Amino acid sequence: MSKPYVYLTRKMPQNITDQLAAACDVGMWEKAEEPVPQHILKEEMKTADAVFCNVSDVIDKDMIDAAEQLKVIATMAVGYNNIDVKAAQEKNIYVAHTPGVLTETTADLTFALLMASARRIPEGIDVIKNNEWGAWAPFFLTGQDIYQARLGIIGMGRIGEAVAKRGTGFDMDIVYHNRTPKKEAEQRLGARLVDMDELLQTSDFVCVMTPYTKETHHLIDKQAFDKMKSSAIFINTSRGGTVDEEALYNALKNGDIRGAGLDVFENEPISADHPLLSLPNVTALPHIGSASETTRKKMAEMTANHILQALRGETPDYIVKE
Ligand SMILES: NC(=O)C1=CN([C@@H]2O[C@H](COP(=O)(O)OP(=O)(O)OC[C@H]3O[C@@H](n4cnc5c(N)ncnc54)[C@H](OP(=O)(O)O)[C@@H]3O)[C@@H](O)[C@H]2O)C=CC1
Ligand SMILES: O=C(O)C(=O)CO
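Residues numbered from 1 in each chain as written. Chains lettered and ligands numbered in written order. Predicted model: local features only at pLDDT ≥ 70, side-chain atom pairs only at ≥ 80, totals over all residues.

The name an unreviewed UniProt entry assigns to the protein is Glyoxylate/hydroxypyruvate reductase B, from the organism Alteribacillus persepolensis. The Sequence similarities (unreviewed entry) field of the UniProt record for the protein holds the comment "Belongs to the D-isomer specific 2-hydroxyacid dehydrogenase family. GhrB subfamily." (UniProt positions renumbered as here; feature names shortened; annotations may be inferred.)

Printed below as a string of structure tokens:
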């Protein structure tokens, strides 16, 4: 009997392909840093039993409908907004993802962005590299205090809570907005559930940690920026689509808010001439929230495991249920 066929959309380490090859025929896009073209992915998906993908692969209804024997779409990510989950479920195809394993690493990066933006670290680095460091000056590169400031978290889920926990170490006053109250987190973190307006109007740091859905598309728009304090710093490590980037640009440019720390963008990779990148009060990173070596290895292992589980006829440990 022939082995099932798994297609990997990026080059993966040998231990991952070896693990899969013990049970499957393995096909792989041989580049680690370049995504597989959509038409090749669609072609591969027609005959694959399993797909090992990531945040940059768009897996739409057309591709899913064309798949003849696909059993699982396993993404090496917790976010799955790039996959048409409904279309997969209609064909009884599992969509598996990697929650939890990347929570602390992503929270570290979120807090790093918050600190870098508040204390203007990228600007300081530029000053030194450009040989612009003059005499010590009383108000040179003055930033914003983090300790005892108010941290507003929109989307108090796994990562939101882990960011809040870091905030408690800085004695921050934590407020959050979620559709479901998180009583246990409130007690553990001293956090308070507030409505969106109060969060926007009173927070020193506004941090978005929701998934990207129809409901969260441009959740942070012009009206939201208008409500924020002019000293507020906006942090986004969720998905670019949760924010209206034009409104963000205008808010930063007009001084309606003080700064932004961004790990995600509506179009990734963002083009170097994007207006947002011309602003000194933007700290931008290339979607590296979960990018520690240990965490990425765990995510890859978990993804391979989900595929093997599905191909054995088991339900993968973490499937998306919508
Ligand atoms: N930059 C990066 O590299 C990374 C980015 N991410 C992003 O972070 C997201 C969150 O991950 P994780 O914390 O594990 O997910 P969770 O599902 O644990 O948390 C998401 C939270 O958002 C809340 N939420 C959902 N919709 C809304 C809404 N409309 N308004 C307010 N709150 C809402 C949910 O609560 P409720 O439904 O009750 O409102 C939930 O508490 C991922 O979906 C992904 O997009 C994740 C990892 C790395
Ligand atoms: O897991 C995710 O959703 C990411 O964005 C990458 O880790």
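(A) Spatial organisation of the overall build of the protein. Across its full length, the protein carries twelve helices and twelve strands. Its C-alpha atoms give the protein a radius of gyration of 21 Å, within 12% of the compact-globule value 20 Å for 322 residues. When the backbone C-alpha atoms are referred to their principal axes, the protein occupies close to 75 × 50 × 30 Å. Of all 322 residues assigned to the protein, the portion counted as buried reaches 43%. A sequence separation of at least 24 residues applies to 62% of the contacts in the protein between residues at least 6 apart. (Helix = DSSP H or I, 4+ residues; strand = E, 2+ residues; numbered from the N terminus. Rg over C-alpha atoms; globule rule 2.2 N^0.38 Å. Buried ≥ 20, exposed ≤ 12 C-beta atoms within 10 Å, placed from the backbone. Contact = placed C-beta atoms within 7 Å.)

(B) A look at the site of ligand 2. Ligand 2 sits among V55, A77, V78, G79, L102, G289 and S290. By residue class, the composition of the shell around ligand 2 is four nonpolar, three polar and no charged. (Near = placed C-beta within 6 Å. Nonpolar A, V, L, I, M, F, W, Y, C, P; charged D, E, K, R; others polar.)

(C) The arrangement of the site of ligand 1 in detail. Around ligand 1 sit 31 residues, and of these G79, G155, G157, R179 and G289 come closest. Mapped by element, the contributors of at least two residues to the shell around ligand 1 are α5 (103-118) and α7 (158-169). If one sorts the elements of the shell around ligand 1 by residue count, α7 sits on top with three residues. Counting contributing residues per domain, the shell around ligand 1 is built from domain 1 (5-100 + 293-312) and domain 2 (102-284), each supplying no fewer than three. (Domains from an automatic or database assignment.)

(D) Geometry of the nonpolar core. Core analysis: the largest hydrophobic core is formed by 49 residues, its most contacted members being L114, I153, V163, A164, I174, C207 and I233. Looking at this core element by element, the count peaks at seven residues for α5. The contacts of I233, once residues within four sequence positions are left out, are L114, S117, A118, Q144, D204, F205, R258, G259, A260 and G261. (Core = buried A, V, L, I, M, F, W, Y, C linked by C-beta atoms within 7 Å.)

(E) Structural context of the pairing of strand β3 (residues 50-53). The two faces of β3 match: A50 and F52 on one face and V51 and C53 on the other face are all buried. Two strands pair when backbone bridges link them, and strand β1 (residues 5-8) and β3 are joined in this way by three bridges, in the parallel orientation. Of the residues in β3, the one forming a bridge with V6 is A50. Where β3 and strand β4 (residues 72-75) come together, four bridges link them in parallel fashion. Paired with C53 across the two strands is T75, which belongs to β4. (Pairing = 2+ DSSP bridges.)

(F) Representation of the sheet that holds strand β10 (residues 233-236) within the structure. The sheet built from seven strands is open, its strands ordered β8-β7-β6-β9-β10-β11-β12 with parallel pairing. At either end of the open sheet lies a strand with only one pairing partner, and these are β8 (192-193) and β12 (282-284). Bridge count for β10 against strand β11 (residues 259-262) is four bridges, and the pairing is parallel. Paired with I235 across the strands is G261, a residue of β11.

(G) Region of the structure containing the UniProt feature "domain: D-isomer specific 2-hydroxyacid dehydrogenase catalytic" (unreviewed entry) in the protein. Within this structure's numbering, the places UniProt gives as "domain: D-isomer specific 2-hydroxyacid dehydrogenase catalytic" (unreviewed entry) are residues 16-320. Within residues 16-320, the helical portion is 37% and the strand portion 14%, while the C-alpha atoms at the span's ends are 22 Å from each other.

(H) Here's a closer look at α7. In a regular helix each residue adds 1.5 Å, so twelve residues correspond to 16 Å; α7 covers 18 Å between its end C-alpha atoms and thus fits that length. Along α7, the residues classified as buried are I159, G160, E161, A162, V163, A164 and G167. Next to the buried residues of α7 lie α5, β6 (150-154), β7 (173-177), α8 (183-189) and β9 (205-208). One or two positions beyond α7, positive phi appears at D171, with a value near 60°. (Expected span 1.5 Å × (residues − 1).)

(I) Structural view of the domain arrangement of the protein. Looking at the assigned domains, one finds that the protein contains domain 1 (5-100 + 293-312) and domain 2 (102-284). Between the C-alpha centres of domain 1 and domain 2 there is a distance of 31 Å. Tallying the contact residues gives eight residues for domain 1 and eight residues for domain 2. Among the residues forming the side of domain 1 that touches domain 2, the class breakdown is three nonpolar, five polar and no charged.

(J) Up close: the packing of α5 against α7. Where α5 meets α7, the axes come as close as 8 Å, and the angle between the chain directions of the two elements is 55°. Considering the angle they form, α5 stands oblique to α7. When the axes of α5 and α7 are compared, the crossing they make is right-handed. Between α5, through T103, E104, T106, A107, T110 and F111, and α7, the contact on the second element is made entirely by R158, I159, A162, V163 and R166. Of the residues contributing to the contact of α5 with α7, the split by class is five nonpolar, three polar and three charged. (Axes fitted to C-alpha atoms, helices over the stretch in contact; angles between N-to-C directions. Parallel < 35°, antiparallel > 145°, perpendicular 65-115°, else oblique. Left-handed = near helix turned anticlockwise from the far one by under 90°.)

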